Amino acid sequence: MSDSDNFSVLRVAINAPLSRLFDYLPCDGPVPQPGTRVRVPFGRRTQVGVVLAIADNSDLPTSKLKRAIEVLDPEPLFSEDDLWLLRFTSDYYHHPIGEVVAAATPARLRQGLPLYATTEYVSVTPVGADAEIDALRKRAPKQAELLGIVCDAERLSTEALEQAMPGWRRASKGLVDKGYVEFSTMTGDADDEAPLANVEQVPGPTLNPDQRAALRDVEAAAGFQPFVLDGVTGSGKTEVYLQLIRSCIDNGRQVLVLVPEIGLTPQLVRRFSQRLGIEPVLLHSALSDTSRLAAWRAARSGRAPLIVGTRSSIFVPLKSPGMIIVDEEHDVSLKQQEGLRYSARDLAVARGKRCDIPVILGSATPSLDSLQRCVDAGYQKIELPSRAGKAVPPLMRLVDMNRYPSTEGLSDPVVAAISRTIAERGQVLVFLNRRGFAPTLICSGCGRVAECSRCDARMTVHSASQRLRCHHCGAERPMETECIDCGSPCRPLGHGTERLEDALTSRFPGETVTRIDSDSTRLKGTMTRALAMATAGETRILVGTQMLSKGHHFPNLTLVVVINADQGLFSTDFRGGERLAQSLIQVAGRAGREERQGEVIIQTAFPQHPFWHELLHGGYHSVAERTLGERERALWPPFSRLALIRASATQRGEAHAFLDRARLLADHAAIDGVRVLGPVGAPMERKAGRYRAQLLLQSRERAGLHRLLDYLRDNLEGSPVTRKVRWSMDVDPIELF
Ligand code: ADP
Ligand code: ZN
Ligand code: ZN
């Protein structure tokens with residue numbers, strides 16, 4: 001065959017760290033369409049890949065092309081639109097396409113298992129049904145036993161037979177030869193075809209005028225339009241989502257709702273199912289492979305009208321997408337920070353555009369990126385400025401830690417406010433974003449601090465387990481009671497949630513104190529139980545980290561105490577102020593969500609810092625406005641584009657040598673308007689025994705930056721300089737280390 005002959009080449013995405021597709025000749029049978037899995041030879045092994053395109057030629061001569069081994073799907077797993085998103089993700093984030101496709105594919109499908117499991121059955125034939133079992137028993141007792149079992153059930157899955165009669169397969173041969181039983185297979189689980197269970201519907205409140213206006217604005221959009229639903233905590237954003245979802249589903253379209261990692265609470269799921277009368281299909285990291293595949297199938301087949309999931313569900317195939325909602329769109333967990341570093345929020349907008357559907361980005365503290373896009377990128381802002389129903393905004397005040405004495409981190413005014421709240425049978429949330437007992441263990445003699453041997457970081461004291469733990473690499477060791485240098489006793493310095501829990505328990509004996517952080521909720525089900533207790537009002541004092549600060553609705557909660565947020569005031573990251581304002585407004589939003597007004601007390605050693613005046617008097621939007629002004633002058637995002645190239649190695653020099661090479665290439669490419677900064681060591685240079693360094697690329701325009709990233713990827717990938725390093729590209733990084 002000459003190269004000009006007409007033939008098909010499969011262009012296949014394979015899970016490998018290389019940014020290209022691999023060409024194969026089709027195997028016998030019809031040529032698979034794009035979106036279909038194939039098994040192909042790859043190196044010395046075989047791999048499961050996904051056909052992304054069919055070409056009529058290859059850069060390789062035909063004689064060099066290998067042939068695919070088998071086609072794994074009778075029809076494509078991914079539609080054209082689904083594939084577009086995968087390709088877009090790979091292009092935009094400069095990440096190997098095969099790894100993007102793998103990230104979007106459930107594990108069982110990556111392993112080559114069928115989309116729909118086939119079940120093998122054994123059933124009795126009419127001849128078998130009339131056979132004399134007693135006569136058979138004398139000659140072949142095992143066969144008789146098996147025939148008896150199959151006759152009783154008429155039809156049994158091989159799995160069930162395995163249980164009922166181990167070793168049944170041998171006996172089945174004789175029965176098949178006699179024509180007494182036969183094997184059959186069935187594809188697809190019957191449950192998969194049935195509509196989802198209906199749930200009894202509970203009516204919701206009548207929307208207020210702001211909510212109605214929001215609804216009208218979104219419903220007026222014909223096709224693609226991003227909206228920023230900017231509504232204070234408790235303003236009824238979720239009620240607006242519910243109505244939008246209802247009308248979308250009634251029109252026969254699917255809705256995908258993305259929530260932050262810890263936002264997918266049983267509370268939220270129950271609210272969705274009760275109000276809509278359907279069970280949403282959930283997609284999150286804690287699902288088993290089988291459940292994940294079932295959820296994925298339901299989204300793909302269109303059987304699930306509503307899919308609620310964490311960031312990776314942005315890739316789930318949808319039969320008839322009608323709307324994408326991103327709740328808490330400012331939340332950092334919507335950005336994946338390792339491997340394929342993507343922003344599920346930004347991909348939601350890209351997907352919405354491709355599918356020509358509205359995209360709702362909701363938050364009480366919208367990211368500065370999204371707020372700016374309302375100004376210059378056609379996003380439409382919808383505001384819900386006041387709380388829905390009867391609730392009023394909480395009162396916020398500062399406590400100056402220089403003026404008031406404190407015991408165990410709790411100042412006198414805070415203790416007084418907690419006592420008052422308890423006396424009124426209210427509920428208190430004490431927020432401290434630091435888990436463990438104390439962040440530092442210090443020697444009382446020489447001042448030596450316990451450090452991690454693998455990171456440039458201190459060990460955190462955990463008192464319940466009497467261990468020191470590194471929160472960066474997970475290393476742990478037993479508590480040190482005496483200094484290894486001078487033998488003096490060591491003592492914990494500073495406060496974590498565990499210490500605060502102890503302090504509150506002894507200060508308020510007889511009251512239930514519940515701690516909620518990633519240590520206390522490690523065991524399955526503990527989080528759900530603790531939250532249920534808190535919601536029911538059984539817990540008087542809640543102590544917790546970030547985990548407790550988002551999305552929850554505790555009807556009785558009237559007082560929120562922020563123990564220490566001062567480190568956020570002096571953050572070196574240009575996003576520090578934005579983050580601090582978001583986390584404070586979110587935690588404050590837990591207070592006074594029903595009739596009684598909430599109160600928020602923030603302890604600080606820097607009450608004069610201008611940030612406080614701005615936040616307490618102007619609110620989040622005042623912080624946002626000033627910060628955007630500063631970013632514009634300094635040309636930080638959203639007024640410029642950033643990309644970070646990170647490298648790590650066991651030797652400091654190797655990480656730097658790699659980035660020096662990248663810098664040289666970047667300088668050589670000399671793309672107009674792109675600034676190259678570094679390489680420099682990461683702020684915490686050593687982590688888990690590896691030295692980390694980074695190169696920052698900054699550009700006014702997206703196009704120039706992306707051209708440079710393409711060029712760098714082409715020249716770095718597979719080059720010998722990569723041998724001793726792990727490296728990655730982070731487009732639109734949200735943390736500069
Ligand atoms: P958000 O999502 O903005 O935090 P929610 O939708 O959870 O707000 O609403 C906060 C509380 O106000 C909930 O208890 C909700 O039932 C109630 N609520 C929302 N909209 C209304 C309304 N129009 N009338 C009365 N109560 C409402
Ligand atoms: Zn010492
Ligand atoms: Zn460590």
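Our subject is the structure that appears above.
The residue numbers shown here count from 1 along each chain, following its written sequence. Lettering of chains starts at A and numbering of ligands starts at 1, both following the order in which they are written. Since the coordinates come from a predicted model, pLDDT governs what is reported: local features require at least 70, and pairs of side-chain atoms require 80 or more to be given and counted, while whole-chain, interface and lining totals use all residues. Only heavy atoms go into the side-chain values, all of them from the structure, while hydrogens and water stay out.

Caption draft 1: Expanded view of the overall build of the chain. From N to C terminus, the chain includes 24 helices and 33 strands. In terms of overall size, the chain behaves like a compact globule, its C-alpha atoms giving a radius of gyration of 30 Å where 737 residues would be expected to give roughly 27 Å. Taken along the three principal axes of its C-alpha coordinates, the chain extends 95 × 70 × 70 Å. In this analysis, two residues are considered to be in contact whenever any of their non-hydrogen atoms come within 4.5 Å of each other. Taking as baseline every contact in the chain between residues at least 6 positions apart, the subset at least 24 positions apart corresponds to 75%. Only the protein chains shown count as covering a residue, and every accessible area follows the Shrake-Rupley method with a 1.4 Å probe. Taken as a whole, the chain presents about 33700 Å² of accessible surface, with 49% of it coming from carbon and sulfur. Looking at charge distribution, the chain has the averaged site of its 91 positive side-chain charges lying 3 Å from that of its 88 negative ones. Only DSSP runs of H or I with at least four residues qualify as helices, and only runs of E with at least two residues qualify as strands; both kinds are numbered from the N terminus onward. In this treatment the radius of gyration is a C-alpha quantity, and the globule benchmark scales as 2.2 Å times the residue count to the 0.38 power. Positive residues here are Lys and Arg, negative ones are Asp and Glu, while His and the chain termini are left out of the count. Charge positions are represented by NZ for Lys, CZ for Arg, CG for Asp and CD for Glu.

Caption draft 2: Summary view of the site of ligand 1. If you check the shell around ligand 1, you find 17 residues, and the closest are Thr206, Gln211, Lys237, Thr238 and Arg271. Between ligand 1 and asparagine 208 there is a distance of 3.4 Å, counted from a nitrogen atom to a backbone nitrogen or oxygen. Contacts described as polar in this section are N or O atom pairs within 3.5 Å, which, within protein, must combine one atom able to donate a hydrogen with one able to accept it, while residues neighboring in sequence count only if both atoms come from side chains. Within the side chain of threonine 238, one N or O atom sits 2.6 Å away from an oxygen atom of ligand 1. When the free accessible area of ligand 1 is taken as 560 Å², the share hidden by the protein chains comes to 78%. Here the shell around ligand 1 takes three residues from helix α11 (residues 237-250), the largest share from any one element. The residue makeup of the shell around ligand 1, split by class, is four nonpolar, nine polar and four charged. Neighbouring residues are identified by heavy atoms, a residue being near a molecule or strand if any of them is within 4 Å of it. Residues were grouped as follows: Ala, Val, Leu, Ile, Met, Phe, Trp, Tyr, Cys and Pro as nonpolar; Asp, Glu, Lys and Arg as charged; and all remaining residues, including Gly, as polar.

Caption draft 3: Up close: the sheet that holds strand β22 (residues 460-462). One open sheet accounts for three strands, arranged β22-β23-β24; its pairing is antiparallel. Because the sheet does not close on itself, it has two edges, and the strands there are β22 and β24 (476-478). The sheet shows a mean angle of 30° between the axes of neighbouring strands, taken without regard to direction. Sheet topology places strand β23 (residues 467-469) next to β24; three bridges connect them, and they run antiparallel. Looking across to β24, one finds that arginine 467 is bridged to proline 478. In this scheme, strands are said to pair when DSSP sees at least two bridges between them. Lines are fitted to the C-alpha atoms to define the axes, a helix being fitted only along its stretch in contact, and any angle between axes, read from their N-to-C directions, falls within 0 to 180 degrees.

Caption draft 4: Structural detail: the pattern of salt bridges. One side-chain nitrogen of Lys or Arg within 4 Å of one carboxyl oxygen of Asp or Glu is enough to make a salt bridge. Considering all chains together, one arrives at 37 salt bridges under this definition. Salt-bridge contacts for arginine 271 lead to glutamate 239; the nearest nitrogen and oxygen are separated by 3.1 Å. Placement of arginine 271 in helix α12 (residues 266-276) and of glutamate 239 in helix α11 is noted, with a sequence separation of 32 residues between them. The shortest N-O distance in the salt bridge between aspartate 250 and arginine 246 comes to 3.1 Å. In this pair, aspartate 250 and arginine 246 are both assigned in helix α11, four residues apart and thus about one turn of the helix distant. Given a relative accessible area of 53%, aspartate 250 falls into the exposed group. Sharing partners across several salt bridges, the network here consists of Glu329, Arg345, Asp346 and Arg373. Residue burial is assigned from relative accessible area. The probe radius is 1.4 Å, only protein chains are included, and a residue is buried under 20% of its type maximum, exposed over 50%, and partly exposed in between.

Caption draft 5: Highlighting the coordination of the zinc ion (ligand 3). On the protein side, the zinc ion (ligand 3) has Cys452 (SG), Cys455 (SG), Cys470 (SG) and Cys473 (SG) as donor atoms, found 2.2 to 2.4 Å from it. Around the zinc ion (ligand 3) sit four donor atoms; with metal-centred angles ranging over 104 to 115°, the donor geometry is tetrahedral. Metal-coordinating donors are taken as N, O and S atoms lying within 2.8 Å of the metal, or within 3.2 Å when the metal is Na, K or Ca; because water is left out, some sites can appear incomplete. One chain supplies every donor to the zinc ion (ligand 3), and in sequence these donors are spaced C-x2-C-x14-C-x2-C. Here the residue cysteine 452 occupies a position in the loop between β21 (440-443) and β22, and cysteine 473 occupies one in the loop between β23 and β24, the gap between them amounting to 21 residues. For four-coordinate sites, all angles between 85 and 135 degrees define a tetrahedron; for four- and six-coordinate sites, opposite donors beyond 155 degrees with the remaining angles between 65 and 115 define square planar and octahedral shapes respectively, and all other cases count as irregular.

Caption draft 6: Looking closely at the packing of helix α15 (residues 368-376) against helix α22 (residues 620-634). One can describe the packing of α15 onto α22 by two numbers: an axis separation of 11 Å at closest approach and a directional angle of 75°. Taken together, α15 and α22 sit at an angle that is classed as roughly perpendicular. Every residue of α22 that contacts α15 at Leu368, Leu371 and Gln372 is listed here: Tyr620, Ala624, Thr627, Leu628 and Arg631. Its residues assigned to classes, the contact of α15 with α22 comprises five nonpolar, two polar and one charged. For classification, angles of less than 35 degrees are called roughly parallel, those exceeding 145 degrees roughly antiparallel, those between 65 and 115 degrees roughly perpendicular, and all remaining angles oblique.

Caption draft 7: Inspection of the packing of aromatic side chains at higher detail. Ring geometry is summarised as follows: Phe, Tyr and Trp rings, the Trp one being its six-membered ring, pair when their centres sit within 6.5 Å, and such pairs are stacked at plane angles under 30 degrees, edge-to-face over 60 and tilted between the two. What the rule picks out here adds up to eleven aromatic pairs. A centroid spacing of 5.1 Å and a plane angle of 65° characterise the contact between phenylalanine 315 and tyrosine 342, whose relative ring orientation is edge-to-face. Of this pair, phenylalanine 315 sits in the loop between β13 (306-309) and β14 (321-327) while tyrosine 342 sits in the loop between β14 and α14 (344-355), and the two are 27 residues apart along the sequence. In this structure tyrosine 342 comes out as buried when scored by relative accessible area, which is 2%. A ring pair is formed by phenylalanine 570 and phenylalanine 606, whose centres lie 5.0 Å apart and whose planes are at 75°; its orientation type is edge-to-face. Taken together, the positions of phenylalanine 570 in the loop between β28 (557-562) and α20 (576-588) and phenylalanine 606 in the loop between β29 (599-604) and α21 (610-618) put the pair 36 residues apart, joining distant regions of the chain. Using a relative accessible area of 38% as the deciding quantity, one classes phenylalanine 606 as partly exposed. In textbook terms, an aromatic cluster arises when at least three aromatic residues are bridged by ring pairs, as seen for Trp84, Phe88, Tyr92 and Tyr93. Geometry around phenylalanine 508 places arginine 507 over its ring, the cationic atom sitting 5.5 Å from the centre. By definition, being over a ring means that NZ of Lys or CZ of Arg is both within 6 Å of the ring centre and within 35 degrees of the ring normal.

Caption draft 8: Spatial organisation of the coordination of the zinc ion (ligand 2). Protein coordination of the zinc ion (ligand 2) is provided by Cys443 (SG), Cys446 (SG), Cys483 (SG) and Cys486 (SG), with donor distances spanning 2.2 to 2.4 Å. For the zinc ion (ligand 2), the four donor atoms in the first shell make angles of 98 to 114° at the metal, a pattern classed as tetrahedral. Counting along the primary sequence, the residues that act as donors to the zinc ion (ligand 2) give the motif C-x2-C-x36-C-x2-C. Here cysteine 483 lies in the loop between β24 and β25 (490-493) and cysteine 446 lies in the loop between β21 and β22, a separation of 37 residues in the sequence. Residue classification places cysteine 446 among the partly exposed positions, given a relative accessible area of 44%.

Caption draft 9: The pairing of strand β15 (residues 358-363), seen in detail. With respect to burial, β15 is a largely interior element, six of its six residues being buried. The alternating pattern of β15 places Pro358, Ile360 and Gly362 and Val359, Leu361 and Ser363 on opposite faces, both of which are buried. Bridge analysis of strand β10 (residues 225-231) against β15 gives six bridges, and the strand direction is parallel. Paired with proline 226 across the strands is valine 359, a residue of β15. When the strands point away from the viewer, a crossover counts as right-handed if the path from the first strand over the helix to the second runs clockwise. One crossover worth recording links β14 to the parallel β15 by way of α14, and it is right-handed.

Caption draft 10: Representation of the side chain of aspartate 730 within the structure. Looking at the secondary structure, you find aspartate 730 in strand β33 (residues 726-731). A polar side-chain atom of aspartate 730 sits 2.7 Å from a polar atom in the side chain of lysine 335. Residue contacts for aspartate 730: discarding those within four places in its chain leaves Lys335, Arg341, Leu642, Ala643, Leu644 and Arg646.

Caption draft 11: Geometry of the sheet that holds strand β9 (residues 181-187). Taken together, the three strands give an open sheet; going across it, the order is β8-β7-β9, and neighbouring strands pair in antiparallel fashion. The sheet terminates laterally at β8 (155-157) and β9, the two strands that pair on one side only. Within the sheet, the average angular offset between the axes of one strand and its neighbour, ignoring direction, is 30°. Most of the contacts of helix α6 (residues 141-153) go to strand β7 (residues 118-124), to which it runs at about 100°, and overall it touches β7, β8 and β9. Sheet strands touched by helix α8 (residues 168-177): β7 and β9. Its angle to β9, the strand with the most contacts, is close to 115°.

Caption draft 12: Looking closely at the side chain of glutamine 372. In this fold, glutamine 372 is placed in helix α15. Relative accessible area serves as the criterion here: at 11%, glutamine 372 is assigned to the buried category. Once residues lying within four places of it in the same chain are set aside, the contact partners of glutamine 372 are Ala377, Leu628, Pro638 and Phe639.

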